[in-house]
There are 4 protein chains.
Amino acid sequence: MAGSTFGTLFKITTWGESHGKAIGVVVDGCPAGLALCEEDIQLYLNRRKPGQSRFTTARSEADQVQILSGVFQGRTTGTPISLLVPNQDQRSRDYGDLAACYRPGHADYTYDQKYGFRDYRGGGRSSGRETIGRVAAGAIACRLLSQLGITLNAYTWSIGAVTCSSYDQDEIFRNPLYMPDADAARRAQELLQGCMSRCDSAGGVIECRAQGLPAGLGDPVFDKLDARLGQAIFSIGAVKGVEIGDGFGAALSCGTANNDDFRVNLKGQVEKCSNHAGGILGGISDGSTLILRAAVKPTPSVAADQPTVTSDGQEKMLSIKGRHDPVIVPRAVVVVEAMTALVLADALLTGMGARMEYLEKIWKK
Amino acid sequence: MAGSTFGTLFKITTWGESHGKAIGVVVDGCPAGLALCEEDIQLYLNRRKPGQSRFTTARSEADQVQILSGVFQGRTTGTPISLLVPNQDQRSRDYGDLAACYRPGHADYTYDQKYGFRDYRGGGRSSGRETIGRVAAGAIACRLLSQLGITLNAYTWSIGAVTCSSYDQDEIFRNPLYMPDADAARRAQELLQGCMSRCDSAGGVIECRAQGLPAGLGDPVFDKLDARLGQAIFSIGAVKGVEIGDGFGAALSCGTANNDDFRVNLKGQVEKCSNHAGGILGGISDGSTLILRAAVKPTPSVAADQPTVTSDGQEKMLSIKGRHDPVIVPRAVVVVEAMTALVLADALLTGMGARMEYLEKIWKK
Amino acid sequence: MAGSTFGTLFKITTWGESHGKAIGVVVDGCPAGLALCEEDIQLYLNRRKPGQSRFTTARSEADQVQILSGVFQGRTTGTPISLLVPNQDQRSRDYGDLAACYRPGHADYTYDQKYGFRDYRGGGRSSGRETIGRVAAGAIACRLLSQLGITLNAYTWSIGAVTCSSYDQDEIFRNPLYMPDADAARRAQELLQGCMSRCDSAGGVIECRAQGLPAGLGDPVFDKLDARLGQAIFSIGAVKGVEIGDGFGAALSCGTANNDDFRVNLKGQVEKCSNHAGGILGGISDGSTLILRAAVKPTPSVAADQPTVTSDGQEKMLSIKGRHDPVIVPRAVVVVEAMTALVLADALLTGMGARMEYLEKIWKK
Amino acid sequence: MAGSTFGTLFKITTWGESHGKAIGVVVDGCPAGLALCEEDIQLYLNRRKPGQSRFTTARSEADQVQILSGVFQGRTTGTPISLLVPNQDQRSRDYGDLAACYRPGHADYTYDQKYGFRDYRGGGRSSGRETIGRVAAGAIACRLLSQLGITLNAYTWSIGAVTCSSYDQDEIFRNPLYMPDADAARRAQELLQGCMSRCDSAGGVIECRAQGLPAGLGDPVFDKLDARLGQAIFSIGAVKGVEIGDGFGAALSCGTANNDDFRVNLKGQVEKCSNHAGGILGGISDGSTLILRAAVKPTPSVAADQPTVTSDGQEKMLSIKGRHDPVIVPRAVVVVEAMTALVLADALLTGMGARMEYLEKIWKK
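Everything quoted here is computed from the prediction, not taken from an experiment.

## A closer look at the interface of chain D and chain C
Inference 1: Counting residues at the interface gives 106 residues for chain D, matched by 106 residues for chain C.
Inference 2: Across the chain D to chain C interface the summed buried area is about 8,400 Å²; carbon plus sulfur atoms make up 61%.
Inference 3: At the junction of chain D with chain C, the criterion picks out 2 salt bridges.
Inference 4: Linking chain D with chain C are 43 residue pairs in polar contact (both at pLDDT 80 or more).
Inference 5: Counting residues per element, the side of chain D that touches chain C draws most heavily on helix H3 (residues 108–115) of chain D, at 7 residues.
Inference 6: In the side of chain D that touches chain C, the residues fall into 48 nonpolar, 36 polar and 22 charged.

Structure (structure tokens):
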């Protein structure tokens, strides 16, 4: 079966594996007339690049995106936008252990079980590089949203047990972990140093907020906005939990505390007095800030020795060599933002047919 | 847009609102030759009926399912199975406040914003009765799974702060809360008595396990098994969080502890030494037990006074009269089981095309 | 696999077989606020009823539609509209030959090959009664279209070799064959008398026109408006050919004759000087009349003796008893109209996201 | 809306326009383990190249396909196969008239109406070059089919009024028009010479046959095999009509003649005595040869003067300069074959879940 296509009207299809020739995405269904150039997309890709920190110059040649179709005279044409990022590292090399072994916490074993064999070079399709397509497509979705006054903001909420206790939006891009709390960022960096010295890794939580959303996005039953977000965020490798609003905290609350009362604000508009719901009621956006969180597991590639099994059924010890991020979270922040943007862009498009009066506004002569 | 259809090959479409003539579901794509009768489905529907407890006789006339198509001589024919449950309570009555007010924690406001008006009778399509279609369809999926040796098991893991600390499968159907820990069930019932006396409500957590799954189910990238489960479980009203395996706990763990090592068991098969992953690696089932959890918010309908707003923009206090469950969790247990079964049945069908050798097994003459 | 769901946003799911309890359809994604009652739908169903002619009273109890959900206070709510038509004839009877034999020209053999067995009562799911769901759903689509100034008009263009040579719209509902040419209708009735006397049957061609369509409907490549119509019309049982505009005639023409030149009309609008294209250029509606034709094969149920085979592999002669229409065409006219309407309604909904300016019109505050 | 994705499990997404950087396709859902290299695909692309004839060497550098992902060690991995063909001609040039004018018979006007503007370079996305993606993907589908003993065979059946009257399979690749009748091919070439001398163009009919298909492919109702083929073939630009089996001829036949009787052959298998149905009964393959025909309109780009309108509403005469094929048919033959193969591959994959016994064959331990 397929599995690499996402969205109903704003539809993306990603392709590519870690050590193939390139990685890419086709964005089909983007409305015509959106201003777009490669730099708009590159800005998002730079946020997920390896070796990134805002204090160092980005490696200028790496992960450069090319727009191959769908843009003419600086605007989207309504036809598929094909984006391609060449892979730098396609050298044939000796994968040795990695070709023969099932790395714990990775998809090696399950790919072999599903397909009968696998591309073992750097994880193949299950590599983190697969997210390049998501981020590139998400960058286009973000531009579309921004045109309609909707802004997204994702950041690291916790790393291991270090959790942000304050929120300073400007701080997010000041530290390499994308945390909105400078003190937490400092402590998290210490925690990660400890991990690395123990040949170990850490996990964490990413939070994403969307502001400026109209009420009325999302559909009843299976295509609830939170259901689509649930699929989108869980589809990111390493995500093991997702929450909307108070999430698991809501299970500990009581009805009178968890319900968000309604009031009329000074402009005469209905608004909620609180936002335990995280901006969604009955699967449909309520006009307040959308809030979601994703739990990301620790990097499974660790240098410590781990018991495992070879594909021909022999037990052996494995230690994964080479440079591996001690935490996935910071580089996944922009992926969470991208996936959220893709869900919202699609909900805006599909939601245009909700009322006969909307159809009359567009189609009636 | 639509939103009431779920699944790629094992596809269900639900319909119906709280106070319409009936509630139903169409199950399309169920393989031919599965033995099926109304009683098979009724058993599952009985688990979500109001006023249920295993000590009382089920009200025999309520929520009776009818099979209208797709079954011939006691077996599924491969064509759509239409299931219908008549609504008992269609009396026209005075909805008074509820027609005019936006109930906090409900979808009244968002439906009005999306569609311009709403069926205010008992929540209309956003009512909990909408889950009847899911459970009826899920019952068929469960039968299909069971035919292949796969069994599902959902239960209440916590209510408010009362969490199970032991697991006795037989206990689940012995207490009205479907908890696998008799002591926790007793304490949770006390907690709920307290809620009711305060005109308040509680939330909780549901857990679901699937055993006997083959490795290799689920697809890379957007249709990962956990991504499909994420959509499925988040699409249940009142769910605010979903976890697979260790979930948010994984974010607090470290790589060496969170990775599940592989070993060869006595039968010579590869297996994991632990199951932090909850049975899914890289979005694909690994052959161990699938484990997921859903956080359910407290019942939003509470008798306590709540500030709200009328649809014509006036602030007012609202107290929701009538009998409402002080907790949604126990009746949602079978809904979580049903949605999990639907995802798995679909993954089994779509996964049959993963290898050329599978195609040859079915199609080569 | 499924197969009973059609449409992207205006999505229908039909169910039911000839001799089951009922036949029905779920229409999901119809915009909220469309005035709708059962009579609106019944008018279309009456056009496909057996024994129909405009001179006889319709059998009032037969094929009566019930709206089970999705309509409140006389308007669609935006949630699924479930429509049900009870089957009158569910008597258990002796199907004898028909249970054991593969009727030539029918789906008996292929259903057995696909599913391993079949519901042999009256053709089961492959019965012409399956179109009830299409027509009921199409009636809703027609109302939606009509609200936007779009009108559909289907009729019989030929029966056997008798082809209409004039077009009088009023005549269509004056003769039982729905032909727009009174003289052709008279000759076609004679032809059909001859068929019946020879225990034989006839085929014919149905034409459908849609007027008032905006330019810009349909999508490039696979979801071209003609491609969607192609699927829709070919999905009607007994259809063996479909043409848009000049159809197979275009293959005999030359470019200078087949191209429709453009001009500016008196209102200053661009229009085509002719309409060989049938209202579609490059898969997108051009604002002129949409024209399509469907070739319908002769009724396969004939009383004449036919050689065939039993399901256990014995050759035998079969003569199909009972009353069968000597031609399918007149009752299929409304089915073609319904399927065309469903494609157009869906194209209107999906097309609302074609331009950023449309999104701004609906979503920008 | 999207529109560039086709298929349920064997799913392709095409992208690219005439004068962009490249044209491509992503094939997602191809089973793992199929032997595949670039040459396998190139062979099909060569059949649609401009300037082709079997007497001339193909321009070796043109339309060269690259496999960017999804193949490892010479076999498909089950993950997306990304194919890219660079465009040779991306020079910026003066499009003059063509940028400002609506070419009769082309999609210029409708794209402008849909999207508000268009990429006017060589037709942009509506160019015939869009079919490169289809053919490349179809080549993979053909390999899959061939592995299961299914072979496809498309050819030109008529050009203008010149129709084949004999069928010699070997002849097809002997003449540049891909006609199975040498004499017809000679006369058709004369006809085309005449067209060119009059600055005009011709249309024609393409036929496609598939042999070795198992009975049981295709689904009831909307996903009938003929319905999917209908969408697939009508989605090819310039196709104005599609027939299955006897097609429009069936409308002129009578039931006793049009029905294909069944018999038992010498091997004891059920087979049809004739094949008016073209291999499909009730939307499901019957095991006999699948036969379809597509009517292709004359090339709309003609050098003769044609009245048209500019995008700012001025009438003017247009003559389309440059080299244009006087007939689209021969180069579209392989496109029809490719689209047919894509439908069949998808039907094979989705059909594997038709019976419980198939599921047990794959999944039961």
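This is not the end of the story, as more comes after the structure.
## Concerning the relation of the copies chain D and chain C
Inference 1: When chain D is fitted to chain C, the best match, at an RMSD of 0.0 Å, comes from turning it 180° and sliding it 0.0 Å along the axis. Here the copies are linked by what is in effect a two-fold axis.
Inference 2: The fraction of interface residues of chain D whose copies in chain C are also interface residues reaches 100%, indicating that both copies meet through the same surface.

## What about the UniProt feature "binding site: NADP(+)" (unreviewed entry) in chain A?
Residue and element names in this part refer to chain A.
Inference 1: UniProt records the feature "binding site: NADP(+)" (unreviewed entry) for Arg48 and Arg54 in the present numbering.
Inference 2: Among the structural elements, Arg48 can be located in helix H1 (residues 38–48).
Inference 3: Classification of Arg48 by relative accessible area gives buried; the value is 4%.
Inference 4: With near-sequence residues (within four places) excluded, Arg48 lies in contact with Asp63, Gly128, Arg129, Thr131, Ile132, Val135, Arg331 and Val334.

## Focus: the relation of the copies chain B and chain A
Inference 1: For the pair chain B and chain A, the best superposition has an RMSD of 0.0 Å and corresponds to a rotation of 180° with a translation of 0.0 Å parallel to the axis.
Inference 2: Both copies share a contact surface, since 100% of the interface residues of chain B are interface residues in chain A too.

## With respect to the side chain of Thr299 of chain A
Residue and element names in this part refer to chain A.
Inference 1: As for its placement among the helices and strands, Thr299 is situated in the loop between strand E16 (290–296) and strand E17 (306–309).
Inference 2: In this structure Thr299 comes out as buried when scored by relative accessible area, which is 8%.
Inference 3: Of note is the side chain of Thr299, whose polar atom sits 3.0 Å from the backbone oxygen of Asp325.

## Quick word on the interface of chain B and chain A
Inference 1: Listed per partner, the contact involves 106 residues of chain B and 106 residues of chain A.
Inference 2: Of the roughly 8,400 Å² buried between chain B and chain A, counting both surfaces, carbon and sulfur atoms make up 61%.
Inference 3: For the pair chain B and chain A, the number of links is 2 salt bridges.
Inference 4: Note that Lys114 of chain B and Asp219 of chain A form a salt bridge whose closest N and O atoms lie 3.7 Å from each other.
Inference 5: At the junction of chain B with chain A, the criterion picks out 42 residue pairs in polar contact (both at pLDDT 80 or more).

## Considering the pattern of salt bridges
Inference 1: Throughout the structure, instances matching the rule amount to 100 salt bridges over all chains.
Inference 2: In this structure, the salt-bridge partner of Asp260 of chain A is Lys272 of chain A, at a minimum N-O distance of 3.5 Å. Here Lys272 of chain A lies in strand E13 (residues 270–272) and Asp260 of chain A lies in the loop between helix H7 (255–258) and strand E12 (262–264), a separation of 12 residues in the sequence.
Inference 3: Note on Asp260 of chain A: relative accessible area 4%, which makes it buried.
Inference 4: When its relative accessible area of 10% is taken as the criterion, Lys272 of chain A is described as buried.
Inference 5: A salt bridge links Glu337 of chain B to Arg47 of chain B; the shortest N-O distance between them is 3.0 Å. Of the two residues, Glu337 of chain B sits in helix H8 (residues 329–350) while Arg47 of chain B sits in helix H1 (residues 38–47), which places them 290 residues apart along the sequence. Each member of the pair, Glu337 of chain B as well as Arg47 of chain B, is classed as buried.
Inference 6: Counted as one network, the salt bridges with shared partners bring together Arg103, Asp108, Asp112 and Arg118 of chain A.

## A short note on the environment of Leu225 of chain B
All names here are of chain B.
Inference 1: Turning to its location among the elements, Leu225 is positioned in helix H6 (residues 225–234).
Inference 2: Linking Leu225 and Ile284, residues 59 residues apart in sequence, is a C-alpha distance of 5.8 Å.
Inference 3: With sequence-adjacent residues up to four places away left out, Leu225 is seen in contact with Leu217, Gly218, Asp219, Ile280, Gly283, Ser285, Val343, Leu344 and Ala347.

## Quick word on the nonpolar core
Inference 1: In terms of nonpolar packing, the biggest core is built from 388 residues, with Phe10 of chain A, Phe10 of chain B, Phe10 of chain C together with Phe10 of chain D touching the most fellow members.
Inference 2: Residues contacting Phe10 of chain B, with those up to four places away along its chain left out, are Val27, Asp28, Gly29, Cys30, Ile140, Ala141, Leu144, Leu342, Ala345, Asp346 and Leu349 of chain B.

## Overview of the UniProt feature "binding site: FMN" (unreviewed entry) in chain A
All names here are of chain A.
Inference 1: Mapped onto this numbering, the UniProt entry gives "binding site: FMN" (unreviewed entry) at Arg125, Ser126, Ser127, Gly282, Lys297, Pro298, Thr299, Pro300, Ser301 and Arg323. Over a stretch of 199 residues, the named residues are scattered through the fold, their C-alpha atoms separated by up to 44.9 Å.
Inference 2: The topology assignment puts Ser301 in the loop between E16 and E17.
Inference 3: With residues up to four places along the chain from it excluded, the contact list for Ser301 reads Arg103, His106, Ile320 and His324.
Inference 4: Within the structure, the side chain of Ser301 is placed 2.8 Å from the side chain of His106, a separation counted as a polar contact.
Inference 5: Position of Arg323 relative to the elements: it lies in the loop between strand E18 (315–318) and helix H8 (329–350).

## With respect to the state of the cysteines
Inference 1: Scanning the entire structure with this criterion turns up 0 disulfides over all chains.
Inference 2: Lacking any disulfide linkage, Cys254 of chain B is separated from the closest cysteine sulfur, that of Cys195 of chain A, by 6.7 Å.

## A closer look at the confidence of the model for chain A
Detailed reading of the predicted coordinates is not advisable wherever pLDDT is low.
Inference 1: Predicted confidence across chain A gives a mean pLDDT of 94, with 95% of residues reaching 70 or more.
Inference 2: Two summary scores accompany this predicted model of the complex, namely pTM at 0.97 and ipTM at 0.96.

## Considerations on the side chain of Ser158 of chain C
Residue and element names in this part refer to chain C.
Inference 1: One can find Ser158 in strand E8 (residues 151–159).
Inference 2: The exposure class of Ser158 is buried, given its relative accessible area of 6%.
Inference 3: Aside from chain neighbours lying at most four places away, what touches Ser158 is Thr163, Met179, Gly203, Gly204, Val205 and Val329.

## Comments concerning the environment of Ala257 of chain A
Inference 1: Tracing the backbone through its elements, the reader meets Ala257 of chain A in helix H7.
Inference 2: For the pair Ala257 of chain A and Ser274 of chain A, spaced 17 residues apart in sequence, the C-alpha separation works out to 9.8 Å.

## A few points about H1 of chain A
Residues and elements named next belong to chain A.
Inference 1: Most of H1 is tucked away: 8 of the 11 residues are buried.
Inference 2: Three or more residues of H1 are buried, namely Asp40, Ile41, Gln42, Tyr44, Leu45, Asn46, Arg47 and Arg48.
Inference 3: Its buried side turned inward, H1 meets strand E4 (66–67), strand E7 (81–86), helix H4 (131–147) and H8.

The rules behind each value
- Residues numbered from 1 in each chain as written.
- Chains lettered and ligands numbered in written order.
- Predicted model: local features only at pLDDT ≥ 70, side-chain atom pairs only at ≥ 80, totals over all residues.
- Heavy atoms only, no water.
- Contact = heavy atoms within 4.5 Å.
- Buried area = accessible area lost by both parts, 1.4 Å probe.
- Salt bridge = Lys/Arg side-chain N within 4 Å of Asp/Glu carboxyl O.
- Polar contact = N/O pair within 3.5 Å; in protein donor to acceptor, adjacent residues only side chain to side chain.
- Helix = DSSP H or I, 4+ residues; strand = E, 2+ residues; numbered from the N terminus.
- Nonpolar A, V, L, I, M, F, W, Y, C, P; charged D, E, K, R; others polar.
- Least-squares fit on C-alpha atoms with pLDDT ≥ 70 in both.
- UniProt positions renumbered as here; feature names shortened; annotations may be inferred.
- Buried < 20%, exposed > 50% of the residue type's maximum accessible area, 1.4 Å probe, protein only.
- Core = buried A, V, L, I, M, F, W, Y, C linked by side-chain atoms within 4.5 Å.
- Disulfide = S-S within 2.5 Å.
- pLDDT = per-residue confidence, 0-100.

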